[in-house]
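# Notes for the structure review
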Protein chains: 2
Amino acid sequence: MLIGAIEAGGTKFVCAVGDENGRIIEKTSFPTTSPEDTLVMAKKFFSSFKIEALGVGTFGPVNLDRKSTTYGTILNTPKIKWRYYPLLERLKTDYEIPVYLGTDVNAACLGEYHFGAGEQVDSCLYMTVGTGIGAGFVIDGEVFQGKNHPEMGHILIKPHPNDSFIGSCPSHGSCLEGLASGTAMEKRYGVKAHLLENIDHVWEIEAYYLAQALMNYYVILSPEKMIVGGGVMKQAKLYTMVQKQFMELLNGYLEVEHVDELIVAPKLEDEQGVKGAIALAIKDLV
Amino acid sequence: MLIGAIEAGGTKFVCAVGDENGRIIEKTSFPTTSPEDTLVMAKKFFSSFKIEALGVGTFGPVNLDRKSTTYGTILNTPKIKWRYYPLLERLKTDYEIPVYLGTDVNAACLGEYHFGAGEQVDSCLYMTVGTGIGAGFVIDGEVFQGKNHPEMGHILIKPHPNDSFIGSCPSHGSCLEGLASGTAMEKRYGVKAHLLENIDHVWEIEAYYLAQALMNYYVILSPEKMIVGGGVMKQAKLYTMVQKQFMELLNGYLEVEHVDELIVAPKLEDEQGVKGAIALAIKDLV
Ligand SMILES: Nc1ncnc2c1ncn2[C@@H]1O[C@H](COP(=O)(O)OP(=O)(O)O)[C@@H](O)[C@H]1O
Ligand SMILES: Nc1ncnc2c1ncn2[C@@H]1O[C@H](COP(=O)(O)OP(=O)(O)O)[C@@H](O)[C@H]1O
Ligand SMILES: [Zn+2]
Ligand SMILES: [Zn+2]
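As recorded by an unreviewed UniProt entry, chain A carries the name fructokinase and is attributed to Virgibacillus pantothenticus. Quoted straight from UniProt, the Cofactor (unreviewed entry) entry for chain A says "Mg(2+)".

### Let's talk about unusual backbone geometry
Residues and elements named next belong to chain A. Note the cis peptide between Gly 60 and Pro 61, where omega equals -5°. For Pro 61, the position within the fold is in the loop between β4 (53–58) and α2 (87–95). For Glu 96, which is not glycine, the phi torsion reads 50° and is therefore positive. The class for Glu 96 is exposed, based on a relative accessible area of 73%. Phi is positive for Ser 222, which is not a glycine, with a value near 50°. If you trace the backbone, Ser 222 turns up in the loop between α6 (200–221) and β9 (225–229).

### Observations concerning the site of ligand 2
Every residue close to ligand 2 is listed here: Gly 130, Thr 131, Gly 182, Thr 183, Ala 193, His 194, Gly 230, Gly 231, Val 232, Lys 234 and Gln 235 of chain B. The contact in question runs from an oxygen atom of ligand 2 to an N or O atom on the backbone of Gly 231 of chain B, over 2.9 Å.

### Considering the state of the cysteines
All names here are of chain B. For the structure on display, the rule yields zero disulfides over all chains. Summary of cysteine pairing: Cys 124 is not part of a disulfide, and the nearest cysteine sulfur, belonging to Cys 109, is at 4.2 Å. Taking the relative accessible area as the measure of exposure, Cys 124 reaches 0% and is therefore buried.

Definitions and cut-offs
Residue numbers restart at each chain and count upward from 1, following the sequence in its written direction. A letter from A marks each chain and a number from 1 marks each ligand, given out in the order of writing. Given that this is a predicted model, residues contribute local features only at a pLDDT of at least 70 and side-chain atom pairs are listed and counted only at 80 or more, while totals for whole chains, interfaces and linings are drawn from all residues. Side-chain calculation: all heavy atoms of the structure are included, whereas hydrogens and water are not. UniProt positions are given in the numbering used here, feature names are shortened, and annotations may be inferred rather than shown by experiment. Think of it this way: any DSSP run of H or I at least four residues long counts as a helix, any run of E at least two long counts as a strand, and we number them from the N terminus. The cut-offs for exposure are 20% and 50% of the maximum accessible area for each residue type, with area from a 1.4 Å probe on protein chains only; residues under the lower value are buried, those over the upper are exposed, and the others partly exposed. Consider each residue's heavy atoms; a residue with any of them within 4 Å of a molecule or strand counts as near. N or O atoms within 3.5 Å of each other form a polar contact, as long as, within protein, one can give a hydrogen and the other can take it, and as long as residues adjacent in sequence are counted only when both atoms are side-chain atoms. A pair of cysteine sulfur atoms is labelled a disulfide when the two atoms are within 2.5 Å.

Right, dumping it as structure tokens:
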């Protein structure tokens, strides 16, 4: 069975065709321009395959409130042409097959749950630390959401005593994303994050924020695994630093036997987005 | 149909018999002493009724991990005699009817969802601000939990610029509970919280912490309603103060049409605990 997958990113679209085991058969990508042009490109790619369902992980915010009459519409994004664009409706018209829409980070979470680092557990959280910070949560094979999808990157946390940066989030200043995203690091230090590789205190501070975020997610959601990915995590030393600070912050309040099994790296590499989109679609099919 | 309900609190046990509509028919309470003595008292009360199921909202922490062999056992509580007590097992032996166990705060949340302030919505959060701070979340009629029940009172948040208190949580110092519970207020100011009634900045700081907590819960769980109760909320002015600070912190990032409908007081008064326990039991019955 062939399944279509779209990773609808803010800067590029990745389209792929795969099967229900998450194997990718064909893949392409192109820049995200106007909705019209971008979606025509996608349609052209898929037209050579007989796909039976389509999974889409999109940038946000997007209306995923099932009680809303505008379910599946992009919300107030800085990308003007996409603002209030009825993405799901358009895809349903274009393809006439079942279409499953989720956020990019929720799709990534579901992808890791089915095909990656979350394969052995009943619940997992996935956090990406990149240009922004986002996180999703999957439990018993379902993407978790309340009224709408989470915006977990915007939680408020404690500033580090040696950090006087006011934060880079346009809405909240020093929320998690405003303190710890790649963008925040660039604004705080004036250079790109990877150029700070050898400055220890930079990563101490970064690990402190990420550990706090994971602690908050942990006491609220109680996931079996927390998978942390995104460009900033290419600093692989961050994993042990975050694990250590997480245990210090938690301070024995909850039992964690093996923190290196609780806080882990993703297993899906470049294909996480499209595999996640496939995972969105197979949920109802298998 | 008669349903038994136990609100198993750290200082007192409340036992009640009610029906599937949450109507209480008979109620009693007595101090929480040893497990043996307390549970014999409970059994005696229920022996005059033909109850068909029993719901129990207990103090915690308690093992509610369904994959665990000690599911239903009290965990590492300061109440020595109850530590590692197999509560659920004992209740099942005592009553030989279906027994439903949840935490006190999750039960309260489910009670408000079925019979109180959450009656009209699909998902609601309930936070209690008392001796400690706890919160639970119900979605589509189910108590939410990951691997184990949440411990949402222990999230980390930003200190208020005018607050130098180090916090009262034995594990985390200045977590939410360590900064904003009744216990924290007493330790910070040296007097009981209600005696601070007329000191404005006390409540500004308190509202700032509670608003942060609600913001974090809101962006992670996206509840339709957030119900805030507990002894400290008897300062009714806190509701508008928390609503206002919540909107300032959120700063338009997510649309909230009516904050006074989003953040509300509980509707169940003294009987919240036992009505919540009934709600735990009816879930599978109706
Ligand atoms: N080796 C690295 N070390 C630290 N930060 C990095 C590294 N590579 C990329 N980044 C940062 O990660 C961010 C991009 O994250 P990425 O996950 O690739 O993109 P996006 O979040 O836009 O999908 C940028 O802020 C960049 O500075
Ligand atoms: N009128 C009031 N104003 C402010 N705080 C109060 C008031 N009444 C009780 N409290 C505080 O609430 C806490 C008790 O909360 P409560 O919910 O009644 O108990 P518990 O959390 O133990 O179940 C105490 O710390 C007490 O100081
Ligand atoms: Zn923010
Ligand atoms: Zn704490």
